[in-house]
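Breakdown of the fold
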Amino acid sequence: MSLRIVVCVKYVPDATGDRHFAEDLTTDRDAVDGLLSELDEYAVEQALQISEASDDAEITVVTVGPEEANKDGLRKALSMGADKGVHVVDDALHGSDVMGTSLVLAKAVEHVGYDLVVCGMASTDGTMGVLPALLAERLGVPQVTLLSEVAVADGQVTGRRDGDTATERLAASLPAVVSVTDQSGEARYPSFKGIMAAKKKPVEELQLSDLGIEADLVGLGGAWTAVDSADARPARTAGTIVKDEGEGGKQLAAFLAERKFI
Amino acid sequence: MAEVLVLVDHVDGAVRKPTLELLTLARRIGDPVAVHLGAGADTAAPVLAEHGAVKVLAADAPEFADYLVVPKVDALKAAYDAVSPAAVLVASSAEGKEIAARLALRIGSGIITDAVDLEAGDNGPVATQSVFAAAFTTKSRVSQGTPVITVKPNSAPVESAPAAGTVEQLTVSFGGTATGTKVVSRTPRESTGRPDLTEAAIVVSGGRGVNGADNFHVIEALADSLGAAVGASRAAVDAGWYPHSNQVGQTGKQVSPQLYIANGISGAIQHRAGMQTSKTIVAVNKDAEAPIFDLVDYGVVGDLFQVVPQLTEEVTARKG
Ligand SMILES: Cc1cc2nc3c(=O)[nH]c(=O)nc-3n(C[C@H](O)[C@H](O)[C@H](O)COP(=O)(O)OP(=O)(O)OC[C@H]3O[C@@H](n4cnc5c(N)ncnc54)[C@H](O)[C@@H]3O)c2cc1C
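Everything numeric in this text was worked out from a predicted model, so none of it was measured. (Residues numbered from 1 in each chain as written. Chains lettered and ligands numbered in written order. Predicted model: local features only at pLDDT ≥ 70, side-chain atom pairs only at ≥ 80, totals over all residues. Heavy atoms only, no water.)

1. A closer look at the overall build of chain B
Check the secondary structure of chain B and you find nine helices and 17 strands. Computed over the C-alpha atoms, the radius of gyration of chain B is 21 Å, within 12% of the 20 Å expected from 2.2 N^0.38 for a compact globule of 320 residues. With the C-alpha coordinates aligned to their principal axes, the bounding extent of chain B is approximately 60 × 45 × 40 Å. When the 320 residues of chain B are sorted by exposure, 60% land in the buried category. Long-range contacts, defined as pairs at least 24 residues apart, comprise 64% of the intrachain contacts of chain B with a sequence gap of at least 6. Accessible surface for chain B amounts to roughly 11500 Å². Of this, 48% is attributable to carbon and sulfur atoms. Side-chain charges of chain B comprise 25 positive and 34 negative groups, with the mean position of each set lying 4 Å from the other. (Helix = DSSP H or I, 4+ residues; strand = E, 2+ residues; numbered from the N terminus. Rg over C-alpha atoms; globule rule 2.2 N^0.38 Å. Buried < 20%, exposed > 50% of the residue type's maximum accessible area, 1.4 Å probe, protein only. Contact = heavy atoms within 4.5 Å. Areas by Shrake-Rupley, 256 points an atom, 1.4 Å probe, with all protein chains shown as cover. Lys, Arg positive; Asp, Glu negative; His and termini not counted. Charge placed at Lys NZ, Arg CZ, Asp CG, Glu CD.)

As structure tokens, then:
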């Protein structure tokens, strides 16, 4: 039987752009170009490698996000080699927090049908890194997260997790949710052929009602957290910059001494 | 007074510093009740009491070490049910955040991660966060349920505030998903003898400019003269010059030391995301146009192989 892999990806504002908040204190998505979160490329890559190592696998990429998330997010994953896409798009989703997003993703993943869910380690905008754990909790399947190596064989997923104080080897039975880090291996570039093929791959558009989700459970209104204020960090006062003319190390030492670090 | 649960981060009862910082923050909201899972509660309890824990709820079972994350969620949920706290605080480690998130979902509460400060407020605790690679500072609240908040290391001082710290056994029954992910083996990270990167008061980092694994001793020597931790940029890690566990940045460790010294690091946004909240920032870079200089309190434009050894020598001489 075919191995059903679902990769969850996020469309985010480019981190190298000048990211801001909108008036309602949600992420301003208009000011900066959006793209597929770079950390999710690693998830697509590992899904492709797992698929290549298995006799028969199908990869579906799922995203929850605005209109543009299809063209500028999902298509990238499809051009890398994923088979089909699912895009949950609904005005009611604007301003969702991680609880709302994980609810929608869980329903979407169940709608597709899965043996293995693959996520990136965190989004590059919200950067919480907890969505994969929440997805596992909601789906009631094992959480095998933050892997720098991952393999699937005989209905089992195994991997290596580099924690704060130790490196762990993990194993769980499928179905399971995994997340992979940026140490898991460089993501491939889409080939020209891949980009052309992606244009013809099917992307299913879903609304909340298609997934049986009440609109008031998501969006800014359904969020379980509230942002009261967002202020640009005051610019750091310009520091002293000296050119090394042979005494740079000593000058630096004098500065550190003045600040009582030595 | 309301009680506040604090999940203890420890290695066999040796309490890690971020937990003591959580106790400081918890006392701003209520009476801290520490939750100690795994071996070593007797070792940990006096330390927790000294820093304000009125009670220590302890549970030990092989599941905590043998399976990933979920057994600890089950235990924290049991503590939550026993105490009905005003808030739950957890350290912002990778595991801490995952435990906190799953607990929050189970108890129908919102979660805030990576807070850098916490104050009591009229509508519950107010968390300060540093977002978009520290370009913005936000204040947020949990608007549904009992606030579950994870806090970054170095966000609060460690304070002595002696309290009873009475140890009570916590009864935990593990659910069906607790044994889902087996920890087949665990290899503790070898100690370098240097301070932990996220806890250190001073961090000395090297980037692509260090130009080879063999040259990192220049960075290490400066770190050792200052009693500092060693960090690295992703370029240096990807090149195989330094371990990933020392990477500073968006996909490495986020550090907030008193002093950060960047050597041969350009200051890319993803690197900034991991160090921009440092109190004092210093850089050595041969390119006067490097973006890192926009952040510094003091910068030296020059060759790190000249500047850093001279600095090390001077630090050693001044300390001597
Ligand atoms: C999704 C994603 C996540 C990322 N996560 C991280 C992360 O967590 N951490 C991170 O650091 N990066 C991260 N990056 C990479 C980041 O974008 C940069 O590529 C990286 O930080 C560059 O490292 P660097 O500053 O050491 O190298 P470079 O940008 O190449 O800079 C090297 C600097 O060294 C200087 N130099 C060279 N020789 C000398 C010398 N002899 N003396 C003095 N100065 C010298 C040069 O002038 C230059 O400024 C991430 C990127 C992406 C896309």
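2. So, the interface of chain A and chain B
How big an interface is tends to be stated in terms of accessible area lost as the parts join. With 79 residues of chain A at the contact, the number on the chain B side is 87 residues. Summed over both partners, the interface of chain A with chain B buries about 7000 Å², with 57% contributed by carbon and sulfur atoms. Broken down residue by residue, the surface that chain A buries against chain B is led by Trp-224, Arg-233 and Arg-236 of chain A, which jointly contribute 11%. Here Arg-106 of chain B and Glu-137 of chain A are joined by a salt bridge, their closest N and O atoms 2.7 Å apart. Across the chain A-chain B interface, the total number found is 40 residue pairs in polar contact (both at pLDDT 80 or more). Per-element accounting of the side of chain A that touches chain B gives the leading share, 10 residues, to helix α7 (residues 248–258) of chain A. (Buried area = accessible area lost by both parts, 1.4 Å probe. Salt bridge = Lys/Arg side-chain N within 4 Å of Asp/Glu carboxyl O. Polar contact = N/O pair within 3.5 Å; in protein donor to acceptor, adjacent residues only side chain to side chain.)

3. As for the pairing of strand β4 (residues 57–64) of chain A
Residues and elements named next belong to chain A. The element β4 is largely enclosed, with a buried count of seven among its eight residues. Where β4 lies against strand β5 (residues 84–88), five bridges are found, and the strand directions are parallel. Bridging from a neighbouring strand, Val-62 pairs with Val-86 of β5. Taken together, β4, helix α2 (residues 68–80) and β5 constitute a β-α-β crossover, and its handedness is right-handed. (Pairing = 2+ DSSP bridges. Right-handed = clockwise from strand over helix to strand, strands pointing away.)

4. Let's talk about the site of the ligand
With respect to spatial proximity, 27 residues lie near the ligand, and among them Arg-208, Ser-233, Ser-266, Gln-270 and Asn-285 of chain B are the closest. With respect to the ligand, the chains having nearby residues are chains A and B. Here an oxygen atom of the ligand sits 2.6 Å away from a polar atom, N or O, in the side chain of Ser-233 of chain B. Burial of the ligand by the protein chains amounts to 83% of its free accessible area of 990 Å². (Near = heavy atom within 4 Å.)

5. Concerning the UniProt feature "domain: Electron transfer flavoprotein alpha/beta-subunit N-terminal" (unreviewed entry) in chain A
The UniProt record marks residues 24–215 of chain A with the feature "domain: Electron transfer flavoprotein alpha/beta-subunit N-terminal" (unreviewed entry), using the residue numbering of this structure. Secondary structure content for residues 24–215 of chain A is 31% helix and 29% strand, and the end C-alpha separation is 18 Å. (UniProt positions renumbered as here; feature names shortened; annotations may be inferred.)

6. As for the UniProt feature "domain: Electron transfer flavoprotein alpha/beta-subunit N-terminal" (unreviewed entry) in chain B
The feature "domain: Electron transfer flavoprotein alpha/beta-subunit N-terminal" (unreviewed entry), as annotated in UniProt, sits at residues 4–187 of chain B in this numbering. Overall, residues 4–187 of chain B shows 28% helix and 34% strand. The separation of its end C-alpha atoms is 33 Å.

7. So, the packing of aromatic side chains
Inspection of every chain in the model, using the stated rule, returns six aromatic pairs over all chains. Relative to Tyr-242 of chain B, the ring of Phe-216 of chain B lies with its centre 4.4 Å away and its plane at 20°, an arrangement referred to as stacked. With Phe-216 of chain B in helix α6 (residues 216–226) and Tyr-242 of chain B in the loop between α7 (234–238) and β15 (259–263), this residue pair connects regions lying 26 residues apart in the sequence. Judged on exposure class, the residue Phe-216 of chain B and its partner Tyr-242 of chain B are both buried. What links up through ring pairs into an aromatic cluster is the set Phe-21 of chain A together with Phe-132 and Phe-136 of chain B. The ring of Tyr-67 of chain B has Lys-182 of chain B lying over it, and the distance from NZ or CZ to the ring centre is 5.0 Å. (Phe/Tyr/Trp six-rings, centres within 6.5 Å; stacked < 30°, edge-to-face > 60°. Lys NZ or Arg CZ within 6 Å of the ring centre and 35° of its normal.)

8. A few points about the domain arrangement of chain B
Residues and elements named next belong to chain B. Taken domain by domain, chain B holds domain 1 (3–179) and domain 2 (202–319). Computed from C-alpha atoms alone, the centre-to-centre distance between domain 1 and domain 2 is 32 Å. Taken together, the two surfaces of domain 1 and domain 2 that pack against each other cover about 530 Å², and 56% of this comes from carbon and sulfur. On the surface where domain 1 and domain 2 come into contact, there are zero salt bridges. Split into classes, the residues belonging to the side of domain 1 that touches domain 2 amount to three nonpolar, two polar and one charged. (Domains from an automatic or database assignment. Nonpolar A, V, L, I, M, F, W, Y, C, P; charged D, E, K, R; others polar.)

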